[in-house]
Amino acid sequence: MRIVPTSIANIIYPKDLPNGLFTSLIVACLLMGLASLRHGTDLQGWLNVIENWLLMLLILPTATATVALPFKYRDPTLELKLVYYLGMFVAFLFTIAKLRYWR
């Protein structure tokens, strides 16, 4: 039984790597974003959650992939999907450090 249909999985996930690895990274980022609710579940808490999700799932990975575009121009075999997920992992690590030290 597949969670994601095959055609969508071919678009989202890089080739030749386990899809569960990237799915678990996405789920971990979503759960880590919910850590902002420790300040309260009012509107400000949910705005912090949305901010964390945007930072981890969109802003930092997109910036990382944008910086890697010249490398893609030089080496066409470079997969930008891998660079995007690398940026997502870096954002995940940044959020762990942020939660640990920024109280």
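As a reminder, the structure under discussion sits directly above these lines.
Residues numbered from 1 in each chain as written. Predicted model: local features only at pLDDT ≥ 70, side-chain atom pairs only at ≥ 80, totals over all residues. Heavy atoms only, no water.

**Concerning helix α3 (residues 43-67)**
- Taking 1.5 Å of rise per residue, 25 residues should cover 36 Å, and α3 covers 34 Å from first to last C-alpha, within 8% of that figure.
- Maximal helix bending in α3 amounts to about 45°, located at L55.
- Within α3, the full set of buried residues consists of G45, N48, V49, N52, M56, P61 and A65.
- Taken together, the buried residues of α3 touch α2 (19-33), α4 (69-74) and α5 (80-101). (Helix = DSSP H or I, 4+ residues; strand = E, 2+ residues; numbered from the N terminus. Expected span 1.5 Å × (residues − 1). Bend = angle between axes of the 7 residues up to and from the residue. Buried < 20%, exposed > 50% of the residue type's maximum accessible area, 1.4 Å probe, protein only. Contact = heavy atoms within 4.5 Å.)

**Concerning the environment of I59**
- Summarising the element assignment, I59 is placed in helix α3.
- Exposure remark for I59: the relative accessible area of 48% places this residue in the partly exposed category.
- The sequence separation of I59 and A91 amounts to 32 residues, and the corresponding C-alpha distance is 9.0 Å.

**Some details on the packing of α3 against α5**
- Between α3 and α5, whose axes approach to 7 Å, the crossing angle comes to 135°. Of the possible angle classes, the one that applies to α3 and α5 is oblique. Our pair here, α3 against α5, has a crossing hand that is right-handed. Here N52, L55, M56, L57, L58, L60, P61, T62, T64 and A65 of α3 come into contact with α5, specifically with L80, V83, Y84, G87, M88, A91, F92, F94, T95 and K98.
- A per-class count over the contact of α3 with α5 returns 14 nonpolar, 5 polar and 1 charged. (Axes fitted to C-alpha atoms, helices over the stretch in contact; angles between N-to-C directions. Parallel < 35°, antiparallel > 145°, perpendicular 65-115°, else oblique. Left-handed = near helix turned anticlockwise from the far one by under 90°. Nonpolar A, V, L, I, M, F, W, Y, C, P; charged D, E, K, R; others polar.)

**Some points on the packing of α2 against α5**
- Orientation of α2 relative to α5, taken along the N-to-C sense of each, is 35°, at an axis distance of 10 Å. As α2 packs across α5, the resulting crossing turns out to be left-handed. Between α2 and α5, the contacting residues are F22, L25, I26, A28, C29 and M32 on the first element and L82, Y85, M88, F89, F92, T95, I96 and L99 on the second.
- For the contact of α2 with α5, the residue count by class is 13 nonpolar, 1 polar and no charged.

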